[in-house]
Structures are given as structure tokens and as C-alpha cells.
Amino acid sequence: ALGAPASAALPSVVLPLTPVRGGLAASYVVDGEPFVGVVDTGSPFLLVDGTCGEVSRGRWGCYPRLARPGPQGSLNDASIEGFGGQETLVEWRRGRVELGGSSTLKLEPAVFGVVRSLQRRGGEAAIYLGLIKHRQPIIRPTFLEQCDARALRVDLRYPDARTLEVSTR
């Protein structure tokens, strides 16, 4: 099922947070490619940059346009989504998502969005790691739903060591 990817049975994963344009961003890997996304309590999905430069000259990573073979790949689904004051064309895909350093959380297959184009409406364009878990049944699976998150902890005590902990138990 789309909402239940296989994942490593880790009690939690800690993601370092880095400052970016007044927000905080985390790093993750999708289908072997590294990405950065702004952690966003107002978004439900994990996104990657497929514009490869249109969004801040590729600072978020670059997801290739070529389709991947096998059970991963395109869901033959695209939508216009509103994120950060931008209208974005998002291609929905299934693939492997990895988060964390030494204790990596792996989701496969995981549903994620590839931003293919955007129309600026003011504000800053960015790629987002959404932290909304619950959704309506007609909406695709959220990132936190897919990793079976039970709790989140954001530690902002030390500016040089800010973290986001996603607990799965």
C-alpha cells in the first residue's frame, strides 16, 4: 500500500538542522541523491528539487528527470501545490528515502514529491520536509505517516547543534 513503506525499525533518528533564510533545514537522501529541505510544520510531504537550479540555483539538490526502473518510479500523478507562497508543479514518485547519520531511517518504497516547476508569488522559494502527519483519505501519504512517527522533538538550545528528532516508537 502507498501509506505503509518498509522501514528500518529504529526507535528514533536525529537530524541536524542548519539555518537557511530564516528557517531551519535538514538533509536527506532520495534514490541515492542528497537533498536539503526546510523543516515545515505547515506541509505534509517530503519534497525534492527537480528543477535543478530554478529554485535557488540547485542549493536543495537535483533529482534527475530520467525515470527509475522497477517498483520505484513515477506514480503517473502530478499536481499543482502551494508551498511558501509559490505555486509548484509536483510530480509524485515512489522511491527510497534515507534520513539521519549513523542511525539512518530508511523508507522504501516511500511516496515523495519532485518539484518540476514553480511560479513565484512573492516570498522565498524552497524545498520542504513537511511535518504534518495526519491527512484526509483522498490525499497521498504524508512523510510522517510513512515513517510511522510517534513524536517529534526540536532541540534549539545550542545554535551550532540544533536538531530534529523523529521518534518511531
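Scroll up for the structure.
Residues numbered from 1 in each chain as written. Predicted model: local features only at pLDDT ≥ 70, side-chain atom pairs only at ≥ 80, totals over all residues. Heavy atoms only, no water.

Participant: How do you make sense of the pattern of salt bridges when you look at a structure like this?
Facilitator: Oppositely charged side chains can pair when the atoms bearing their charge come close. Under the counting rule described, the total for this entry stands at 11 salt bridges. Across the salt bridge formed by E81 and R140, the nearest N and O atoms sit 3.6 Å from each other. Taken as a pair, E81 in strand β7 (residues 73-83) and R140 in the loop between β10 (128-130) and α1 (143-146) lie far apart in primary sequence, 59 residues in all. In this structure, E165 engages R153 in a salt bridge whose closest nitrogen and oxygen atoms are separated by 3.2 Å. You can see E165 sitting in strand β12 (residues 163-167) and its partner R153 sitting in strand β11 (residues 151-155), a full 12 residues away along the chain. On the basis of relative accessible area, E165 is assigned to the buried category, the value being 17%. For R153, a relative accessible area of 44% puts it in the partly exposed group. (Salt bridge = Lys/Arg side-chain N within 4 Å of Asp/Glu carboxyl O. Helix = DSSP H or I, 4+ residues; strand = E, 2+ residues; numbered from the N terminus. Buried < 20%, exposed > 50% of the residue type's maximum accessible area, 1.4 Å probe, protein only.)

Participant: Which parts of the structure should I look at to understand the state of the cysteines?
Facilitator: Two cysteines joined by a covalent bond between their sulfur atoms form a disulfide. One pass over the structure, following the stated rule, counts one disulfide. Between the sulfur atoms of C52 and its disulfide mate C62 the distance is 1.9 Å. Taking the sign of the torsion about the S-S bond as the criterion, the disulfide between C52 and C62, at about 90°, is right-handed. Here C62 lies in the loop between β6 (47-49) and β7 and C52 lies in the loop between β6 and β7, a separation of 10 residues in the sequence. The class for C52 is partly exposed, based on a relative accessible area of 38%. Here C62 falls in the partly exposed class, since its relative accessible area comes to 35%. (Disulfide = S-S within 2.5 Å.)

Participant: Please explain the pairing of strand β4 (residues 23-30) as it appears in this structure.
Facilitator: The two faces of the sheet receive side chains in turn, since in a regular strand these alternate between them. One ladder, built from three bridges, connects strand β3 (residues 18-20) with β4; its direction is antiparallel. From the neighbouring strand, P19 faces β4, where its bridge partner is L24. With antiparallel pairing between neighbouring strands as the criterion, β3 and β4 make up a hairpin whose turn holds two residues, including R21 at a positive phi of roughly 45°. In the sheet, β4 pairs with strand β5 (residues 33-40) via six bridges, with the strands oriented antiparallel. In the strand pairing of β5, V30 is matched with E33. Linking β4 back to β5 in an antiparallel pair, the connection comprises two residues, with D31 at a positive phi of about 50°. Here three bridges tie β4 to strand β8 (residues 86-99), and the two strands are oriented antiparallel to one another. (Pairing = 2+ DSSP bridges.)

Participant: What should I look at first to understand the packing of aromatic side chains in this one?
Facilitator: Geometry of an aromatic ring pair is reported as the spacing of the ring centres plus the angle between the planes. Taken as a whole, this structure holds four aromatic pairs when the rule is applied. Relative to F35, the ring of Y28 lies with its centre 6.5 Å away and its plane at 25°, an arrangement referred to as stacked. Judged by its relative accessible area of 2%, Y28 is buried. Since its relative accessible area comes to 2%, F35 is described here as buried. For the pair F45 and W92, a centre-to-centre distance of 4.9 Å together with 70° between the ring planes defines the contact as edge-to-face. (Phe/Tyr/Trp six-rings, centres within 6.5 Å; stacked < 30°, edge-to-face > 60°.)

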